[in-house]
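# Geometric and topological summary
Spelled out, the chains give:
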There are 2 protein chains.
Amino acid sequence: MTHAILASTSTLHGQDYLEYLIPHLPELYQGIDEILFIPYARPGGISHGEYTAKASEAFSKAGIKVKGIHEFENHAKAVTDAKGIFTGGGNTFLLVSELYRNKVMNVLKEVVKNGTPYMGTSAGTNIGGLSMQTTNDMPIVYPPSFKTLGLVPFNINPHYLDPDPESKHKGETRETRIKEFHGLNSQPVIGLREGSWLELNDNKVTLKGKLRARIFEKDKVPFEVETETDLSDLN
Amino acid sequence: MTHAILASTSTLHGQDYLEYLIPHLPELYQGIDEILFIPYARPGGISHGEYTAKASEAFSKAGIKVKGIHEFENHAKAVTDAKGIFTGGGNTFLLVSELYRNKVMNVLKEVVKNGTPYMGTSAGTNIGGLSMQTTNDMPIVYPPSFKTLGLVPFNINPHYLDPDPESKHKGETRETRIKEFHGLNSQPVIGLREGSWLELNDNKVTLKGKLRARIFEKDKVPFEVETETDLSDLN
């Protein structure tokens, strides 16, 4: 009975933080006046307090108050007690390390699977997959495991970027990186472009937003899916 | 007494594999007719054999034969016995995992520090730094440690890319990622653009190639260094 929004990015070009997601918050967090924010991923290294203030400002537009997990002595208990949860983006390695260090990973998985509404953006979305192994982030810290929440039975690549045919850069494209992932791992990967999100409603997973998404399966040619596609059978 | 070339990329736009580095091989591998190739990083998932054939073709232009480490029963002994070594690019997580799994990491560090000439490109260069934590690669496999060879007392970011002022993409720029690295780590990072390499000659580290490189130090404003800059004191 999972209810979640897993969004590729927090912010669209030219928009405010979470702006395009705010209209969808009342439906996700029905009847909830305060949510728990997990700021562990610290984008650009900002503090937990600064990051929570930023989330708070955005959520206030939907009439929802925000409390940072760092304000609680027992982080795992804060998750258990939360009426709704939002995990922001930043560095996925740091996020996952902190989720394990604070003994939050398993509790978070449990409460979200039991119905606590969850939203993730970027790194907060990446951890919704089976593992964090299709993150784009730098390994700035060594987490005890790459395993994540598994709210969906596949992996997610947020901020998915199409190869640039004009590029003279020889670093790997996102598609090549995901192909390398499939050399060693078997779960499908969804490349979520900025502006797309996955809506999880009970056992249904639906692609939302205006864009298509790209699906990568081991030993198969990648393909595009249209918005509103039911992805419940992708595994 | 390290002698090494640590190159940002194997291949420049519009050139053949290793083309721009081949003129420098005779000086690095002086009097050496066969080198050991470490193909562990498997770019795009190609096999060790295919990758070794590719390296072999390039090295033949400098009159040097290539043997893949996978052709030996004891990989660590192959490293000890090698007259010269080249580690190719691909996925750094896979490379580092295999270096540890085959008990090659420490032996490789030892022989290169004792004078066995070494060349790395991309992932093979990244491991020349203190840790692999400024790689751009996807964590497709979980290595036992992020610690690498430490041929230089700083970290390397290969394929360094300047922020694109026109970009509408909201994924982190390379500079932001390195800043996040410095939120948790103190060693300097050199952003090596494609076409640049570090030349290690005994205790001297020099920036080579036609381009400038970008130096990131914790809590300092990043700055550019010109080619031929002596970087021996960067640490």
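Since this is a predicted model, take the numbers as computed values, not measurements.

Let's shift gears to the overall build of chain A. Helix and strand content of chain A: seven helices and 11 strands. Whereas a compact globule of 235 residues would reach a radius of gyration of roughly 18 Å, chain A reaches 17 Å, a difference of no more than 12%. Principal-axis analysis of the C-alpha atoms gives chain A an extent of 45 × 35 × 35 Å. Here chain A holds 235 residues, and the buried ones make up 58% of them. Sequence separation of 24 or more characterises 69% of the internal contacts of chain A that already satisfy a separation of 6 or more. Within the structure as shown, chain A displays about 9600 Å² of accessible surface, and the carbon and sulfur contribution to it stands at 48%. Averaged over its 25 positive side-chain charges, chain A has a centre that lies 3 Å from the centre of its 29 negative ones.

The interface is formed by 47 residues belonging to chain B together with 47 residues belonging to chain A. Here chain B meets chain A over a buried area of about 3700 Å², counting both sides, of which 60% is carbon and sulfur. Applying the counting rule to chain B against chain A returns two salt bridges. Residue Arg177 of chain B pairs with Asp137 of chain A through a salt bridge whose shortest N-O separation is 3.1 Å. Remark: the boundary between chain B and chain A carries 24 residue pairs in polar contact (both at pLDDT 80 or more). The set of elements that each furnish at least two residues to the side of chain B that touches chain A consists of helix H4 (92–101) and helix H7 (174–184) of chain B.

Turning our attention to the relation of the copies chain B and chain A. For the pair chain B and chain A, the relating rotation is 180°, the translation along its axis is 0.0 Å, and the fit reaches an RMSD of 0.0 Å. What the superposition gives is, in effect, a two-fold axis relating one chain to the other. Here 100% of the contact residues of chain B are again contact residues in chain A; the copies associate through an equivalent surface.

With that settled, consider the packing of aromatic side chains. For any pair of aromatic rings, the description rests on two quantities: the centre-to-centre distance and the angle between the ring planes. Applying the stated criterion to the full structure yields 20 aromatic pairs over all chains. Where Tyr29 of chain A meets Phe59 of chain A, the ring centres are 5.9 Å apart and the plane angle is 55°; that geometry is what we call tilted. With a gap of 30 residues between them, Tyr29 of chain A in the loop between helix H1 (25–28) and strand S2 (34–38) and Phe59 of chain A in helix H2 (residues 48–60) connect regions that are remote in the sequence. In textbook terms, an aromatic cluster arises when at least three aromatic residues are bridged by ring pairs, as seen for Phe93, Tyr142 and Phe146 of chain A together with Phe93, Tyr142 and Phe146 of chain B. The positively charged end of Lys54 of chain A is found above the aromatic ring belonging to Tyr17 of chain A, 4.6 Å away from the centroid.

To continue, consider unusual backbone geometry. Residue and element names in this part refer to chain A. Here Ser122, not a glycine, exhibits a phi torsion of approximately 55°, which is positive. Along the chain, Ser122 turns up in the loop between strand S5 (118–121) and helix H6 (123–126). Of note in the backbone geometry, Asp219 takes a positive phi value of approximately 60° without being a glycine. When you line up the elements, Asp219 lands in the loop between strand S10 (213–216) and strand S11 (223–225). Among the residues examined, Asp219 registers a relative accessible area of 74% and is labelled exposed.

Right, let's talk about the sheet that holds strand S10 (residues 213–216) of chain B for a bit. Residues and elements named next belong to chain B. Strand order in this open sheet of four strands is S6-S7-S10-S11, and the pairing throughout is mixed. Looking at which strands have only one partner, the edges of the open sheet turn out to be strand S6 (155–157) and strand S11 (223–225). Between one strand axis and the next, the sheet turns by 30° as a mean value, whatever way the strands run. In this sheet, strand S7 (residues 189–191) lies alongside S6 in parallel orientation, the contact comprising three bridges. Its bridge partner being in S7, Asn157 is matched across the sheet by Gly191.

Turning to the environment of Gly183 of chain B, a few remarks are in order. Residues and elements named next belong to chain B. By the secondary structure assignment, Gly183 is in helix H7. Exposure remark for Gly183: the relative accessible area of 48% places this residue in the partly exposed category. Taking the C-alpha atoms as reference points, Gly183 and Ala213, separated by 30 residues in sequence, lie 21 Å from one another.

Moving on: H4 of chain B. Most of H4 of chain B sits inside the fold, with eight of its 10 residues counted as buried. What H4 of chain B keeps buried is the set Thr92, Phe93, Leu94, Leu95, Val96, Ser97, Glu98 and Leu99 of chain B. Of the surrounding secondary structure, the elements contacted by the buried residues of H4 of chain B are helix H4 (92–101) of chain A together with strand S2 (34–38), strand S4 (85–87), helix H5 (105–113) and helix H6 (123–126) of chain B. Its side-chain oxygen at 2.8 Å from the backbone nitrogen of Phe93 of chain B, Asn91 of chain B defines the N-terminal cap of H4 of chain B. One or two positions beyond H4 of chain B, positive phi appears at Lys103 of chain B, with a value near 55°.

Rules and cut-offs
Residues numbered from 1 in each chain as written. Chains lettered and ligands numbered in written order. Predicted model: local features only at pLDDT ≥ 70, side-chain atom pairs only at ≥ 80, totals over all residues. Heavy atoms only, no water. Helix = DSSP H or I, 4+ residues; strand = E, 2+ residues; numbered from the N terminus. Rg over C-alpha atoms; globule rule 2.2 N^0.38 Å. Buried < 20%, exposed > 50% of the residue type's maximum accessible area, 1.4 Å probe, protein only. Contact = heavy atoms within 4.5 Å. Areas by Shrake-Rupley, 256 points an atom, 1.4 Å probe, with all protein chains shown as cover. Lys, Arg positive; Asp, Glu negative; His and termini not counted. Charge placed at Lys NZ, Arg CZ, Asp CG, Glu CD. Buried area = accessible area lost by both parts, 1.4 Å probe. Salt bridge = Lys/Arg side-chain N within 4 Å of Asp/Glu carboxyl O. Polar contact = N/O pair within 3.5 Å; in protein donor to acceptor, adjacent residues only side chain to side chain. Least-squares fit on C-alpha atoms with pLDDT ≥ 70 in both. Phe/Tyr/Trp six-rings, centres within 6.5 Å; stacked < 30°, edge-to-face > 60°. Lys NZ or Arg CZ within 6 Å of the ring centre and 35° of its normal. Pairing = 2+ DSSP bridges. Axes fitted to C-alpha atoms, helices over the stretch in contact; angles between N-to-C directions.

In short, geometric facts, not functional conclusions.
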